[in-house]
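This is what each chain is made of:
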Amino acid sequence: NKFVYSFEEGSADLKELLGGKGANLAVMTRLGIPVPPGFIITTEACQAYYKGDTKAISASIVEEYTQHLDKLEATMGKKLGDDQDPLLVSVRSGGAISMPGMMDTILNLGLNSTSVLGLIAQTSNPRFAYDSYRRFVMMFGEVVMGVPSHLFEAALERIKNEKNVTLDTELNAEDFKKLVGEFEEIIQKHTNQPFPQSPMVQLEMSIEAIFKSWNNSRAILYRELNNLKSLSGTAATVQAMVFGNKGETSGTGVCFSRNPSTGENVFYGEYLMNAQGEDVVAGTRTPLSIEALGHQNKALYEELVGYKDKLEQHTTDMQDMEFTIEEGKLWMLQTRSGKRTAAAAVRIAVEMAKEGLIDEKQAVLRVDPAQLDQLLHKQLDPEATKAATVLGKGLPASPGAAVGKIVFDAEEAHKRNEAGEKVILVRVETSPEDLIGMNAAQGVLTTRGGMTSHAAVVARGMGKCCVAGCSDALINEEKKTLTMKGKTLNDGEYITLDGSVGVVYEGRVATIEPELSGYFGELMIMADKFRTLLVKTNADNPKDALTAIKFGAQGIGLCRTEHMFFDASRIQAVREMIVAKDTHSRVKALDKLLPYQEKDFQEIFEALEGKPAIIRLLDPPLHEFLPKDEADIREVAKEVGVTKEELEQTISSLHEFNPMLGFRGCRLGVVYPEISQMQARAIFQAALKVPGCEPWIEIPLVGHLKEYLFLKEVIEKVAVEVGAVAYKIGTMIEVPRAALTADELAPHCDFFSFGTNDLTQMCCGFSRDDADSFLKHYVGKGIYEKDPFQSLDQSGVGRLMEICVAQARAVNPALHIGICGEHGGDPASVEFCHRLGLDEVSCSPYRVPIARLAAAHGAI
Ligand code: ADP
Ligand code: MG
Ligand code: MG
């Protein structure tokens with residue numbers, strides 16, 4: 001088994017094995033782009049490390065990478081840690097999917113008290129040599145030996161204070177040399193072990209630390225948050241160092257081939273001269289924008305633009321790159337597909353298709369349907385922002401709007417979010433430890449750092465609004481205050497962020513609904529060229545229906561009539577109907593409801609302008625419409641004209657231990673057909689008033705053919721009485737028995753619609769209302785990969801659907817089959833429905849674009 005690959009041996013299709021970073025270094029090497037040479041220890045070596053019971057890197061792997069190191073030394077003409085002319089290397093982590101900043105990197109490895117002299121001899125630059133050395137000892141101490149970084153930082157601060165300077169760049173060789181001594185002492189004191197002088201020991205310990213960092217808590221959390229369960233481990237890349245900290249003709253930077261926030265096709269990035277590694281991202285010095293490099297060194301800038309173009313052409317995707325300039329020579333250190341906001345993803349996909357870089361199919365596949373959710377959230381109301389007080393301006397690091405209470409600590413943000421508060425995390429800068437708080441917050445505000453700072457990158461990845469580097473703001477950690485424009489705000493006070501322009505407002509600013517316009521609209525048009533599933537919406541009123549139509553809904557896939565019953569104007573009639581002692585008085589109460597229902601349906605049909613609507617007959621158990629506490633019971637009893645005792649009697653007679661399996665759905669209509677008659681009459685009478693409308697009447701919770709036939713006859717009788725013309729009758733498939741007897745039902749139905757919420761509940765035996773307490777553990781333990789109420793359980797519930805579809809279509813090939821409920825808006829479930837050959841999915845209005853794109857993904 002081969003565990004080590006040189007850059008020349010790697011390629012893009014070896015990402016699993018070499019990690020994304022390693023594979024892409026190989027790609028760049030092969031494209032002839034200048035990359036410092038090196039080799040990659042595979043993710044399989046990491047797995048082997050975790051499998052072994054000694055938790056050590058095996059001797060044979062050490063032997064294999066030592067051979068590669070020999071070759072690297074030969075290429076470079078230097079030996080690792082040599083006293084005369086030392087080769088220095090970085091050891092870099094990276095799994096198959098990039099997890100920016102989550103794992104560790106060690107730079108300048110090979111330095112010790114003698115090789116640092118060799119470095120001075122070679123460079124005649126003692127300041128640079130000791131700067132590199134102190135960086136290495138600190139990184140090694142922190143990452144490999146587990147010393148808390150603040151101990152090193154405190155020593156650094158002390159020296160700066162002694163010298164009365166604020167920037168690292170103002171320290172000299174002597175200072176750094178002193179610092180190295182102090183750092184080594186800190187390591188000794190804290191770990192009871194010396195800092196290892198032997199370069200080969202440094203190397204082995206670092207590789208092991210990289211492997212260990214795969215399972216540090218923030219990497220685990222990141223994988224959890226991003227659903228990256230199946231990844232195998234990290235690779236470790238060992239690469240010759242190049243130095244951006246050699247003086248003013250050296251530097252380091254990060255750049256994107258297009259704007260990762262808006263997607264605009266402009267070269268975008270930041271850099272710092274005389275800096276190394278994470279200096280740009282760390283936000284300790286504010287970096288310059290990449291255009292400035294064009295003014296500073298035109299030839300080098302153009303060379304960089306050339307590589308960016310080459311890489312974008314080669315990968316046909318927006319690239320996120322790292323580079324370092326060593327004494328005027330440009331080196332590329334990393335490239336990967338850049339993380340981007342949903343807005344950027346959409347624009348980049350659409351524009352790349354127009355440029356001919358990719359075709360429309362690829363463009364549609366480039367955008368993750370789930371990510372569109374970001375674009376379907378609220379934006380700040382432009383009118384309201386005019387009147388709002390601007391507290392300050394920072395960088396538009398991640399778009400969207402956020403309104404919440406100030407909180408200064410990540411843990412605290414998490415706690416308050418759990419308690420139901422909306423918070424905004426306010427920090428000087430963020431680090432990977434803040435992940436939990438960023439995840440919990442509505443938005444993130446930082447006072448330091450650029451567009452590629454940790455806060456900005458992570459927020460964009462999460463689709464979370466972020467204003468970064470807001471230097472107008474002053475945080476007092478101790479007093480827990482935020483001062484902006486002379487105003488001091490306390491912990492818990494409201495602010496509003498606009499991440500699209502980088503503005504911070506005082507208090508709560510009103511928001512508006514999103515729109516399907518511009519690039520988003522264009523992408524949807526492309527998606528519609530490929531999808532075959534109809535996408536409809538769940539809507540109980542004209543307003544929701546219109547919102548959904550704006551997002552492209554092709555009709556209503558589920559109209560739940562009970563929501564109309566709760567309306568204040570008619571709940572009394574509903575209650576009279578429930579307490580009625582005989583059919584006569586029940587019909588009297590229902591007669592009062594008829595005009596309301598008729599009007600509801602008429603308005604819905606008008607909104608739909610000829611698009612079909614599946615209308616479900618009354619579904620919930622009747623007790624849901626009755627009052628619960630004493631006072632309400634007394635009042636309602638008076639309203640409906642019974643005594644309090646009588647009403648209590650009705651309530652207790654309707655009480656059920658298991659209402660979800662109780663007296664509901666078609667069972668109501670079977671026992672009280674007059675309820676179904678009234679609803680059918682309302683639907684048909686409304687339909688007559690709206691020419692061209694298409695009512696599809698849906699009978700819920702059917703398990704047995706005879707239940708269905710009984711109600712179908714009731715409805716058809718009303719249809720004849722009213723003189724109804726174009727209508728359909730069908731059933732929801734949500735009781736497993738119905739799915740299993742689909743061949744009996746299908747000949748009598750115009751349509752089926754899988755009600756997968758109830759179907760999941762009854763198929764898996766999980767109560768929708770109570771299962772949360774253990775389901776999260778089930779998901780945590782991997783028993784169910786995702787919550788089956790959020791994403792369809794394809795092998796169980798999905799299998800039942802498959803059986804149902806096959807049986808039904810065998811006897812009624814024209815049967816129209818759809819799905820409604822939560823799963824209709826879940827991308828993975830929508831793709832599954834496409835494979836199953838369904839005709840439609842229905843979801844909530846704001847998920848319609850997501851379902852359209854997912855349906856296209858399924859079809860491509
Ligand atoms: P991450 O995955 O967190 O981005 P990297 O492995 O990319 O970690 O390394 C962190 C920083 O160190 C980056 O800025 C990178 O450019 C820099 N770096 C890594 N290897 C080298 C090297 N051989 N020479 C110079 N800088 C390096
Ligand atoms: Mg990197
Ligand atoms: Mg149901």
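For clarity, every value in this text was computed on a predicted model and none was experimentally measured.

Draft legend 1. Just the overall build of the protein chain, in detail. The number of helices and strands found in the protein chain is 35 helices and 33 strands. Judged by the C-alpha coordinates and their principal axes, the protein chain covers about 105 × 60 × 50 Å. Sequence separation of at least 24 residues holds for 68% of the intrachain contacts in the protein chain that already meet a minimum separation of 6.

Draft legend 2. Structural detail: the domain arrangement of the protein chain. Domain annotation of the protein chain identifies domain 1 (243–342), domain 2 (383–511) and domain 3 (523–621 + 656–859). Taken over C-alpha atoms, the centre of domain 1 sits 53 Å from the centre of domain 3.

Draft legend 3. Main features of the environment of methionine 28. Summarising the element assignment, methionine 28 is placed in helix H1 (residues 15–30). Judged by the 21 C-beta atoms lying within 10 Å of it, methionine 28 falls in the buried class. Spatially, the C-alpha atom of methionine 28 lies 64 Å from that of valine 690, the residues being 662 residues apart in sequence. Among all residues touching methionine 28, those that are not within four sequence positions of it are Ile33, Val35, Met332 and Thr335.

Draft legend 4. The site of ligand 1, seen in detail. Lining the immediate environment of ligand 1, one finds 18 residues, of which Ser90, Arg92, Thr105, Gly277 and Glu322 sit closest. For the shell around ligand 1, the elements supplying multiple residues, two or more each, are strand S5 (89–94), strand S6 (105–109), strand S7 (235–240), strand S11 (319–326) and strand S12 (329–337). Split into classes, the residues belonging to the shell around ligand 1 amount to seven nonpolar, eight polar and three charged.

Draft legend 5. Inspection of the nonpolar core at higher detail. Of all hydrophobic cores here, the largest spans 265 residues; its most connected members are Ala349, Ile424, Leu425, Val504 and Val841. For this core, the element with the highest residue contribution is helix H5 (residues 126–144), accounting for 11 residues. Setting aside residues no more than four positions away along its own chain, isoleucine 424 makes contact with Ala402, Gly404, Lys405, Ile406, Ala441, Gln442, Gly443, Leu445, Ile495 and Leu497.

Draft legend 6. Fine view of helix H7 (residues 173–191). In this model, H7 (19 residues) spans 27 Å end to end at C-alpha, consistent with the 27 Å of a helix rising 1.5 Å per residue. For H7, every residue scored as buried is listed here: Asp175, Phe176, Leu179, Val180, Phe183, Ile186 and Ile187. The arc that holds every buried residue of H7, seen down its axis, measures 140 degrees, which confines them to one face. Exposed residues pointing more than 90 degrees away from the buried face of H7 are listed as Glu174 and Lys189. Two residues or fewer past H7, asparagine 192 is found with a positive phi of approximately 60 degrees.

Draft legend 7. Looking closely at the sheet that holds strand S22 (residues 487–490). Judged by pairing direction, the sheet is antiparallel, and its three strands sit side by side in the order S20-S21-S22 without closing on themselves. Edge strands, defined here as strands with exactly one partner in the open sheet, are strand S20 (473–476) and S22. Along the sheet, successive strands turn relative to each other by an average axial angle of 20 degrees, direction set aside. Alignment of S20 against strand S21 (residues 481–484), held across four bridges, turns out to be antiparallel. Across the sheet, residue asparagine 476 finds its bridge partner in S21, namely threonine 481.

Draft legend 8. Local environment of the sheet that holds strand S24 (residues 503–506). Across the sheet, eight strands lie side by side as S14-S24-S23-S16-S17-S18-S19-S15; this open sheet has mixed pairing. At either end of the open sheet lies a strand with only one pairing partner, and these are strand S14 (390–393) and strand S15 (395–398). Here the average twist between neighbouring strands, direction ignored, is 30 degrees. Strands strand S16 (401–407) and strand S17 (423–427) of the sheet are contacted by helix H16 (residues 410–418), whose axis makes an angle of about 180 degrees with S17.

Draft legend 9. Just the environment of isoleucine 106, in detail. Here isoleucine 106 is to be found in strand S6. Considered as a pair, isoleucine 106 and serine 93 are 13 residues apart in the sequence and their alpha carbons are 9.0 Å apart. Setting aside residues no more than four positions away along its own chain, isoleucine 106 makes contact with Ser90, Val91, Met139, Phe140, Val143, Val144 and Ser206.

Draft legend 10. Molecular detail of the UniProt feature "domain: Cyclic nucleotide-binding" (unreviewed entry) in the protein chain. Here, UniProt's "domain: Cyclic nucleotide-binding" (unreviewed entry) annotation points to residues 494–540. Secondary structure within residues 494–540 divides into 28% helix and 34% strand; the distance between the first and last C-alpha atoms comes to 34 Å.

Draft legend 11. Looking closely at H16. Looking only at H16, the buried set comprises Ala410, Ala413, His414, Arg416 and Asn417. Looking at the buried residues of H16, the elements they touch are S16, S17 and helix H17 (435–440). Glycine 420 lies just past H16 and shows a positive phi near 95 degrees.

Draft legend 12. Here's a closer look at the packing of H5 against H7. The contact between H5 and H7 brings their axes to 8 Å, and the two run at 20 degrees. Considered as vectors, H5 and H7 are oriented roughly parallel to each other. When you trace H5 past H7, the crossing you get is left-handed. Contacts between H5 and H7 involve Pro126, Arg127, Tyr130, Asp131, Tyr133, Arg134, Val137, Met138 and Gly141 from the first element and Ala173, Phe176, Lys177, Leu179, Val180, Phe183, Glu184, Ile186 and Ile187 from the second. A breakdown of the residues in the contact of H5 with H7 according to their chemical character gives 12 nonpolar, one polar and five charged.

Draft legend 13. Inspection of the pairing of strand S27 (residues 556–560) at higher detail. Most of S27 sits inside the fold, with four of its five residues counted as buried. Note that strand S26 (residues 534–538) and S27 share two bridges and pair parallel. Paired with asparagine 538 across the strands is leucine 558, a residue of S27. As paired strands, S27 and strand S28 (residues 612–616) are joined by three bridges and run parallel to one another. Note on S28: the bridge partner recorded for arginine 560 is arginine 616.

Draft legend 14. Molecular detail of the packing of helix H22 (residues 568–579) against helix H24 (residues 630–640). Where H22 contacts H24, the two axes come as close as 10 Å, and the packing angle between them is 85 degrees. As far as their axial angle goes, H24 and H22 are roughly perpendicular. Across the interface between the two elements, Gln572, Arg575, Glu576 and Val579 from H22 touch Val636, Glu639 and Val640 from H24. In terms of residue class, the contact of H22 with H24 is made up of three nonpolar, one polar and three charged.

Draft legend 15. Seen up close, the environment of asparagine 274. With respect to the helices and strands, asparagine 274 occurs in the loop between strand S9 (268–273) and helix H10 (279–282). The spatial distance from the C-alpha of asparagine 274 to the C-alpha of glutamate 248 is 5.4 Å, given a sequence separation of 26 residues. Not counting residues up to four positions away in its chain, the partners in contact with asparagine 274 are Thr169, Asn245, Gly247, Glu248, Ser250 and Gly251.

Draft legend 16. Main features of the pairing of S6. Of all five residues that make up S6, five are buried, and the element is covered over most of its length. Relative to S6, S5 is paired through three bridges, and the arrangement is antiparallel. In the sheet register, valine 89 faces S6, and the bridge partner there is leucine 109.

Draft legend 17. Looking closely at unusual backbone geometry. Phi is positive for asparagine 108, which is not a glycine, with a value near 65 degrees. Take asparagine 108: it is sitting in strand S6. According to the C-beta neighbour criterion, asparagine 108 is buried, with 27 such atoms within 10 Å. Residue threonine 316 is not a glycine yet carries a positive backbone phi of 50 degrees. The exposure class of threonine 316 is partly exposed, given the 13 C-beta atoms found within 10 Å.

Conventions and cut-offs
- Residues numbered from 1 in each chain as written.
- Chains lettered and ligands numbered in written order.
- Predicted model: local features only at pLDDT ≥ 70, side-chain atom pairs only at ≥ 80, totals over all residues.
- Helix = DSSP H or I, 4+ residues; strand = E, 2+ residues; numbered from the N terminus.
- Contact = placed C-beta atoms within 7 Å.
- Domains from an automatic or database assignment.
- Buried ≥ 20, exposed ≤ 12 C-beta atoms within 10 Å, placed from the backbone.
- Near = placed C-beta within 6 Å.
- Nonpolar A, V, L, I, M, F, W, Y, C, P; charged D, E, K, R; others polar.
- Core = buried A, V, L, I, M, F, W, Y, C linked by C-beta atoms within 7 Å.
- Expected span 1.5 Å × (residues − 1).
- Arc of directions from axis to C-beta.
- Pairing = 2+ DSSP bridges.
- Axes fitted to C-alpha atoms, helices over the stretch in contact; angles between N-to-C directions.
- UniProt positions renumbered as here; feature names shortened; annotations may be inferred.
- Parallel < 35°, antiparallel > 145°, perpendicular 65-115°, else oblique.
- Left-handed = near helix turned anticlockwise from the far one by under 90°.

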